[in-house]
Amino acid sequence: MMDVTERRDRVLAAVAAGIAGVAGSYLVTGWSPSFVIRPVDQAIVNLTPGPVVTFAIETLGDAGHLIHIAMAFAFAIGLFGAVAFAGIRLAEPADRSLVGAAATGAASWLLAAGLTGDPAQALGVALPAAVVVVVAGSGASSAGLQSSESASESDSPAVGASTAAVDGVRRRTLGTVAGALGFAAAAAVGRRSLASDDETLADAPRSEGATARLRELDSASLAVESDDLHGMVSRIGEFYNVDIAEFDPEVTATEWSLTFTGETGSERTVSFDELIDRPVEHRAVTLRCVGEDLNGRKLDNAVWTGTPIRPLLESVDPEGDCNCAMLRGEDGYYVQFPVDVLAEGFLAWGMNGRELPTGHGHPVRVLIPGHWGETNVKWLSEIELLNVEEDGYWEERGWEGTGEVKTVAKLWDEGITELDDGRIELAGHAYAGTRGIERVEVSTDGGDSWTDAALSDPLPDGDVWRQWRHVFDPGGTHEVVVRAVDGTGARQLREPSDPSPTGASGWIRRTVG
Ligand SMILES: Nc1nc2c(c(=O)[nH]1)N[C@H]1C(S)=C(S)[C@@H](COP(=O)(O)O)O[C@H]1N2
Ligand SMILES: [Mo]
């Protein structure tokens, strides 16, 4: 009975040490390549058979990510917990909790440093784990002494005393566990406030233009009732994110360079300083992911600071037979499309007047006007001019997402608002890439009759969404349907289709009232 209780206490204390170690790692590294979860997660993903990964991405989507990340947390906590368990055992039966703690610290440091390749940050794992072993170990070992004494002596008189000791151990264990969980919560919160997207562009004169553009877009915005709907510009923290890797590469501006390779007249490498010395523009560019559902949320707009690609591209004299290029990012991502399309593109190092955030490709990404999100390579490192077309990362997986976006008008939940006078406001965004949005048509009777919505002012940028708004008198429920007409006069495709392989189509219908 007592043995079972003790073992349970040791296991709980060891798990607490594992949690504290992982939390400590997060506190010093954040969600970066040095976070101890990353190599564990990578091992899980690598050990999972390819078809299972594809199946998970296709059927589970974002939930698939959550599952392997949760597995990585459980595995890492188990791993460092096992180390701490051995440390706690070492601390018994005499009161050697410092020895146990030192052993736990040293072993988890070695393990974490080996996994992440970052000895300094591995201390973030070792120290909290060792502290948990000191705290838990001293209590457990003294109880261990007492219980073995009571077992070796006789039965009845000692039982009361050892039960009290066990209660003490239990309290101490629970205290340790609570302490470790508290530390984990504090690490999560503390880290969040440390990390911020608030760095303005390193070079102040270059951000002034962006601020002016942001003001211009703000004044082009439609006044809508809901505060939760984006205006013309998506806030940085709310701009959607799609990455093949769970952990973003960390590339500094000094480390970064872009190399043009393959079928060129002359290869060329461009440094960050050379890049930002080139003519600067502040372009509003909207991105939409080919993988999103028809009324999905992977559609956003920002003002990006950067420089046009064409002059750089011309300077390397592309000569491949396919007139196509493979773009590669530091995370191992790659995508292939025509050089003529690339030439229209933009190399961006700023977003909404700030440095390009890590998650959006710091320090430099590509923005390709009017094409699906997947062409906009983040953490860009290489542009390879090809002789023969090759599939990109997503095309190898069955997508056809390098072409122009389909036309869409969105109607999200926060775009449906009851006004003070009882009328209902419908509002959203519409996007058709470089074709532009000419009109958004709204029906409140399931498609029998149509009215043109009000639109935000047009902008000079060639690849930007527009906002739309329509107000109507309710009275019963309404079947609302919205559809956009692009700048060529073509209406949004009515025929519904899945996102895979060429992007979702259809008209968005919502029951309102
Ligand atoms: N290097 C790299 N670039 C990438 C991706 C990626 O996984 N790695 N994802 C692409 C996809 S599918 C989309 S939709 C956009 C999303 O850009 P965002 O995360 O800045 O919104 O980036 C594209 N560029
Ligand atoms: Mo995407």
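Each chain carries its own residue numbering, running from 1 in the written order of its sequence. Going through the entries in the order they are written, you letter the chains from A and number the ligands from 1. In keeping with the predicted nature of the model, local features appear solely for residues at pLDDT of at least 70, side-chain atom pairs appear and are counted solely at 80 or more, and the whole-chain, interface and lining totals rest on all residues. By convention in this description, side-chain values take in all heavy atoms of the structure and omit both hydrogens and water.

By the naming in an unreviewed UniProt entry, the chain goes by Molybdopterin-dependent oxidoreductase and is assigned to Halorubrum yunnanense.

Comment: elements are numbered from the N terminus, with helices defined as DSSP H or I runs of at least four residues and strands as E runs of at least two. Across its full length, the chain carries 11 helices and 19 strands. Considering the chain as a whole, with its 513 residues, one finds that 50% of them fall into the buried category. Areas reported here follow the Shrake-Rupley algorithm with a probe of radius 1.4 Å; residue values treat only the protein chains shown as occluding. Summing over all exposed atoms, the chain offers an accessible surface of approximately 22,900 Å²; the carbon and sulfur share of this is 54%. Here's how the labels work: a residue is buried when its accessible area is under 20% of the maximum for its type, exposed when over 50%, partly exposed in between, all with a 1.4 Å probe on protein chains only.

Before going further, it helps to examine the site of ligand 1. Here a residue is near a molecule or strand as soon as one of its heavy atoms is found within 4 Å of it. Near ligand 1, the surroundings consist of 19 residues, among which Tyr-240, Asp-331, His-360, Arg-365 and Lys-378 are the closest. At 3.1 Å, a backbone N or O of Val-242 approaches an oxygen atom of ligand 1. Contact with the protein chains hides 99% of the accessible area of ligand 1, taken as 530 Å² for the molecule alone. Following the grouping adopted for this structure description, the nonpolar residues are Ala, Val, Leu, Ile, Met, Phe, Trp, Tyr, Cys and Pro, the charged ones are Asp, Glu, Lys and Arg, and the polar ones are all others, Gly among them. Its residues assigned to classes, the shell around ligand 1 shows 10 nonpolar, four polar and five charged. N or O atoms within 3.5 Å of each other form a polar contact, as long as, within protein, one can give a hydrogen and the other can take it, and as long as residues adjacent in sequence are counted only when both atoms are side-chain atoms.

In this section: the pattern of salt bridges. Counted as salt bridges are all cases of a side-chain nitrogen of Lys or Arg within 4 Å of a carboxyl oxygen of Asp or Glu. Evaluated as defined, the whole model comprises 25 salt bridges. Here Glu-281 ties to Arg-283 by a salt bridge, and the two come within 3.0 Å at their closest N and O atoms. On the accessibility criterion, Glu-281 (32% relative accessible area) is partly exposed. The shortest N-O distance in the salt bridge between Arg-397 and Glu-396 comes to 3.6 Å. The partly exposed category is assigned to Arg-397, whose relative accessible area is 31%. When salt bridges with common partners are traced through the structure, they connect Glu-438, Arg-439, Glu-441, Asp-452, Arg-483 and Arg-491 into a single cluster.

A few words now on the sheet that holds strand β2 (residues 268-271). In this description, strands pair whenever DSSP reports at least two bridges between them. With mixed pairing, the five strands of this open sheet are ordered in space as β2-β1-β10-β5-β6. Unpaired on one side and paired on the other, β2 and β6 (334-338) mark the two borders of the sheet. Each neighbouring strand pair of the sheet contributes to a mean axis angle of 20°, computed without reference to strand direction. Strand direction decides the pairing type here: strand β5 (residues 324-329) and β6, joined by five bridges, are antiparallel. Within the sheet, the bridge partner assigned to Leu-327 lies in β6 and is Val-335. To get an axis, a line is fitted to the C-alpha atoms, and for a helix only the part in contact is used. The angle between two axes follows their N-to-C directions and goes from 0 to 180 degrees.

This paragraph deals with a nonpolar patch on the surface. In this scheme, patches are assembled from residues that exceed 30% relative accessible area and form no salt bridge. Like charges are connected within 9 Å, while nonpolar side chains (Val, Leu, Ile, Met, Phe, Trp, Tyr) are connected within 5 Å. A grouping of Trp-109, Leu-110, Leu-123 and Leu-127 is seen on the molecular surface, where their side chains present a nonpolar patch of about 400 Å² in accessible area. For the nonpolar patch, the secondary-structure elements that each account for two or more residues are α5 (97-116) and α6 (119-152). For Leu-110, the position within the fold is in helix α5. Residue class for Leu-110 comes out exposed when judged on its relative accessible area of 58%.

Attention shifts here to the nonpolar core. The nonpolar core is taken to be a set of buried Ala, Val, Leu, Ile, Met, Phe, Trp, Tyr and Cys residues, with the residues joined through side-chain atoms within 4.5 Å. Counting 52 residues, the largest nonpolar core has Phe-260, Leu-275, Leu-327, Leu-342, Leu-347, Leu-380 and Ile-383 as its most contacted members. Each of domain 2 (204-397) and domain 3 (408-512) contributes no fewer than three residues to this core. What Leu-380 contacts, discounting residues up to four positions off in sequence, is Trp-256, Ser-257, Leu-258, Leu-327, Arg-328, Gly-329, Leu-347, Val-364 and Val-366. Counting 21 residues, the second-largest nonpolar core is a separate cluster that includes Val-408, Leu-411, Val-480 and Ile-508. Note that domain bounds follow an automatic or database assignment of domains. Contacts are assigned to residue pairs with any non-hydrogen atoms lying within 4.5 Å of each other.

Moving on, we come to the UniProt feature "transmembrane region" (unreviewed entry) in the chain. UniProt records the feature "transmembrane region" (unreviewed entry) for residues 12-31, 66-86 and 98-116 in the present numbering. Helix makes up 100% of residues 98-116 and strand 0%, with an end-to-end C-alpha separation of 26 Å. UniProt positions are given in the numbering used here, feature names are shortened, and annotations may be inferred rather than shown by experiment.

Here we take up the side chain of Thr-29. Counting through the fold element by element, Thr-29 comes out in helix α1 (residues 2-29). Excluding its chain neighbours within four sequence positions, the residues that come into contact with Thr-29 are Ser-34, Phe-35, Gln-121 and Arg-191.

Turning to the packing of aromatic side chains, a few remarks are in order. Only centres within 6.5 Å qualify two rings of Phe, Tyr or Trp (six-membered ring in Trp) as a pair; their planes then separate them into stacked at under 30 degrees, edge-to-face at over 60, and tilted for everything else. Evaluated as defined, the whole model comprises 13 aromatic pairs. Taking 6.3 Å as the distance between ring centres and 90° as the angle between the ring planes, the aromatic pair formed by Trp-256 and Phe-272 counts as edge-to-face. Of this pair, Trp-256 sits in the loop between α8 (204-220) and β1 (257-262) while Phe-272 sits in helix α9 (residues 272-276), and the two are 16 residues apart along the sequence. Judged by relative accessible area, Trp-256 falls into the buried class, the value being 2%. Each ring, one from Trp-450 and one from Trp-507, has its centre 5.6 Å from the other, and the planes form 80°; the classification is edge-to-face. Here the residue Trp-450 occupies a position in the loop between β14 (437-443) and β15 (451-452), and Trp-507 occupies one in the loop between β18 (478-486) and β19 (508-512), the gap between them amounting to 57 residues. Should the NZ of a Lys or the CZ of an Arg lie within 6 Å of a ring centre and within 35 degrees of the ring normal, that charge is described as sitting over the ring. Sitting over the face of the ring of Tyr-393, Arg-397 holds its NZ or CZ atom 3.6 Å from the ring centroid.

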